[in-house]
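Here is what each chain is made of, one letter per residue.
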Amino acid sequence: MPEESIQHIDFDELNKKAISKPLVSHMYTADPSAHVFNGKIYIYPSHDIDAGEAFDDLGSHFAMEDYHVLSMDTIDSEAVDNGLALHVNDVPWAEQQLWAPDAHEKNGTYYLFFPAKAYDGIFKIGVATSSSPTGPFKAQPEAIKGSFSIDPAVFKDDDGSYYMYFGGLWGGQLQRWRTGKFNAEQPDSPTAFLPKDNEPALLPIAAKMSDDLLEFDETPRKLEIVDEEGNLLLAGDNDRRFFEAAWMHKYNGKYYFSYSTGDTHFICYAIGDNPYGPFTYKGKILEPVVGWTSHHSVCEVDGKSYLFYHDSSLSKGVTHLRSVKVAEITYKEDGTIVPLKPYL
Ligand code: FUB
């Protein structure tokens, strides 16, 4: 929901109409990446704070410093905050802005994947490991070689391969990587270096992970998102083109790539036949929530599918103070997802 329309909202009324409540209310959490490990639900969110930074379209006010992992015994139980899992001060290469993370498990080790701005002002993606799904996590000394931009999501395929999906426009800097190298030219504006409206939209990025999950096993590649005619979505197709918040899940043998459209505030998805696509745009999963950003994950728990998402209703519309929520999603027979309205 765009910022300018929030000031007219009666939040008491809105919260009565919300399809779900914040999973925790003692702190602000966002960008939830949910997984089931050993039968228990773990949620890896951003930990929102008000660091006093001025609002801008590069997201400087999203000045998060650490991560806490939430866990739930069942989908209906109380979410537990497991305390500090990783702080930016303990990440040698990172200076600031711990944005949307994800996690995965391999051979009893848990891997936290996270974006942060390095000391040169460029977003990179790092890894930290732990013997526990809730941490504390120990960061690798360097970011992943060849990583850039934001919002890593790591997907394990049925053959045991792991892939990272990432990328984000504006403050996420993806538009500065169009040539494969970081473009450090001025102006430092969120919309400089974007394609024109009638050109193909910027594409999300994927890379297969190395066996130890600490590096990429290949040069990151672009994922094509096309319309029903097989044409790449255009940069001016703001209601459908990729902006940030990549997620991958599988349903009935198909690969569902979902993402946020950013400035139009939808969570959308596109379906493909393999982890690299191409992916054909299929529709929306979530209508706009309160707050500028929308970010999600899809996780199967006990045979049902759930959308973990966030909104800014608890903070009465403060866009960088968000709360993680969960709601069930359903599929139609043709494999399309029934879109959710966050407020009835
Ligand atoms: O939480 C900071 C940023 O906001 C995330 O990285 C984006 O996906 C958006 O949710």
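Residues numbered from 1 in each chain as written. Predicted model: local features only at pLDDT ≥ 70, side-chain atom pairs only at ≥ 80, totals over all residues. Heavy atoms only, no water.

In the nomenclature of an unreviewed UniProt entry, the protein chain is known as Glycosyl hydrolases family 43 of Lutibacter oricola. Quoted verbatim from the Sequence similarities (unreviewed entry) heading of the UniProt record, the comment on the protein chain is "Belongs to the glycosyl hydrolase 43 family." (UniProt positions renumbered as here; feature names shortened; annotations may be inferred.)

What follows deals with the side chain of T264. Looking at the element boundaries, T264 is found in the loop between β16 (254-260) and β17 (267-272). Residue T264 is classed as buried on the basis of its relative accessible area of 16%. Reaching out from T264, the side chain makes a polar contact with the side chain of T261 at a distance of 2.7 Å. Leave out the neighbours within four places in its chain, and T264 touches N238, D239 and P288. (Helix = DSSP H or I, 4+ residues; strand = E, 2+ residues; numbered from the N terminus. Buried < 20%, exposed > 50% of the residue type's maximum accessible area, 1.4 Å probe, protein only. Polar contact = N/O pair within 3.5 Å; in protein donor to acceptor, adjacent residues only side chain to side chain. Contact = heavy atoms within 4.5 Å.)

What follows deals with the layout of surface pockets. In this structure, the largest pocket spans a volume of roughly 500 Å³. Every residue lining the largest pocket is counted, 20 residues in all, and those nearest its centre are F155, H249, K250, V298 and E300. Of all the secondary structure elements, the ones that give two or more residues to the lining of the largest pocket are β1 (28-37), β10 (153-156), β15 (244-251) and β19 (296-301). The element contributing the most residues to the lining of the largest pocket is β15, with five residues. Tallied by class, the residues present in the lining of the largest pocket amount to 11 nonpolar, four polar and five charged. (1 Å grid on protein atoms, 1.4 Å probe; cavity = no way out; pocket = protein on both sides within 12 Å on 5 of 7 lines; lining within 4 Å. Points joined across faces, edges and corners; volume = space filled by probe spheres on them. Nonpolar A, V, L, I, M, F, W, Y, C, P; charged D, E, K, R; others polar.)

Quick look at the side chain of T319 now. Relative to the helices and strands, T319 is located in the loop between β20 (304-311) and β21 (323-329). Of the polar contacts made by the side chain of T319, one reaches the backbone nitrogen of W292; its length is 2.5 Å.

What follows deals with the site of the ligand. What surrounds the ligand is the set D31, S46, M64, W99, A100, I150, D151, E244, T293, H295, H310 and R322. A distance of 2.5 Å is found between an oxygen atom of the ligand and a side-chain nitrogen or oxygen belonging to D151. Protein chains bury 98% of the 270 Å² of accessible surface belonging to the ligand in isolation. At a threshold of 2 Å from the grid points, most atoms of the ligand map onto the second largest pocket. Tallied by class, residues from the shell around the ligand come to four nonpolar, four polar and four charged. (Near = heavy atom within 4 Å. Areas by Shrake-Rupley, 256 points an atom, 1.4 Å probe, with all protein chains shown as cover. Sits in = over half its atoms within 2 Å of the grid points.)

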